[in-house]
Amino acid sequence: QVQLVESGGGLVQAGGSLRLSCAASGITWGINRMGWYRQAPGKQRELVTTITSGGSTNYADSVKGRFTISRDNAKNTVYLQMNSLKPEDTAVYYCNVHWYSEYWGQGTQVTVSS
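Treat the numbers as computed from the prediction; the structure is a model and nothing was measured.

Q: Looking at this structure, I do not really get the nonpolar core. What am I missing?
A: Nonpolar side chains in soluble globular proteins tend to be buried together. Among the nonpolar cores identified, the biggest contains 30 residues, and Trp36, Phe67, Val78, Leu80, Met82, Tyr93 and Val97 are the most heavily contacted of them. Per element, the largest residue contribution to this core is 5 residues, and it comes from strand β9 (residues 91-99).

Q: Hey, could you run me through the sheet that holds strand β7 (residues 67-72) in this one?
A: Adjacent strands of a sheet form backbone hydrogen bonds with each other and so pair up, either parallel or antiparallel. Read across the open sheet, the 4 strands follow the order β1-β3-β8-β7; overall the sheet is antiparallel. Unpaired on one side and paired on the other, β1 (3-7) and β7 mark the two borders of the sheet. Taking each pair of neighbouring strands and ignoring which way they run, the sheet shows an average axis angle of 15°. Here β1 runs beside strand β3 (residues 18-25); their pairing, made up of 5 bridges, is antiparallel. Within β3, the position partnered with Leu4 by the bridge is Ala24.

Q: In this structure, what is going on with the pattern of salt bridges? I would like to understand it.
A: Within this structure, the stated rule accounts for 4 salt bridges. In this structure, the salt-bridge partner of Glu46 is Arg38, at a minimum N-O distance of 2.7 Å. With a relative accessible area of 35%, Glu46 lands in the partly exposed category. For Asp89, the salt bridge identified is with Arg66, shortest N-O distance 2.7 Å.

What counts, and where the lines are drawn
- Residues numbered from 1 in each chain as written.
- Predicted model: local features only at pLDDT ≥ 70, side-chain atom pairs only at ≥ 80, totals over all residues.
- Heavy atoms only, no water.
- Core = buried A, V, L, I, M, F, W, Y, C linked by side-chain atoms within 4.5 Å.
- Buried < 20%, exposed > 50% of the residue type's maximum accessible area, 1.4 Å probe, protein only.
- Helix = DSSP H or I, 4+ residues; strand = E, 2+ residues; numbered from the N terminus.
- Pairing = 2+ DSSP bridges.
- Axes fitted to C-alpha atoms, helices over the stretch in contact; angles between N-to-C directions.
- Salt bridge = Lys/Arg side-chain N within 4 Å of Asp/Glu carboxyl O.

What is shown is where atoms sit, not what they do.
Take a look at the structure:
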C-alpha cells in the first residue's frame, strides 16, 4: 500500500522560508512524476510544481524564482524549498505521486503572515 507522509509546514512571516518534505512508502521501484499542489480557502486545488524521474521540472508562474522542487530517488522523497514567501502562498500543500496510479498526501498547512 502506497503512503505519502508530508512534513515541514507551519507559520512564517512574509519573506521567510519553509521546506516541505514528502516521503513515499510502499513503492518498490522508480516513481515517474512527483509534485506539489496547494489549495487555499475557497479556491480550487492548483499545481505548484512537478519533477520527473529525469529531473525535468515545471513551475506555476506564481512561484517561479521563489520555489524549488527536488527529489531523492533512493529515498522516494520529494522536497519543496519555498523562499520569499508571500501571504498569498498560504494554503494546504499536497504531495502528489504518479506510480502506476496517482497518490496524494494528507496535506500540510502553510501560513504566511503579513
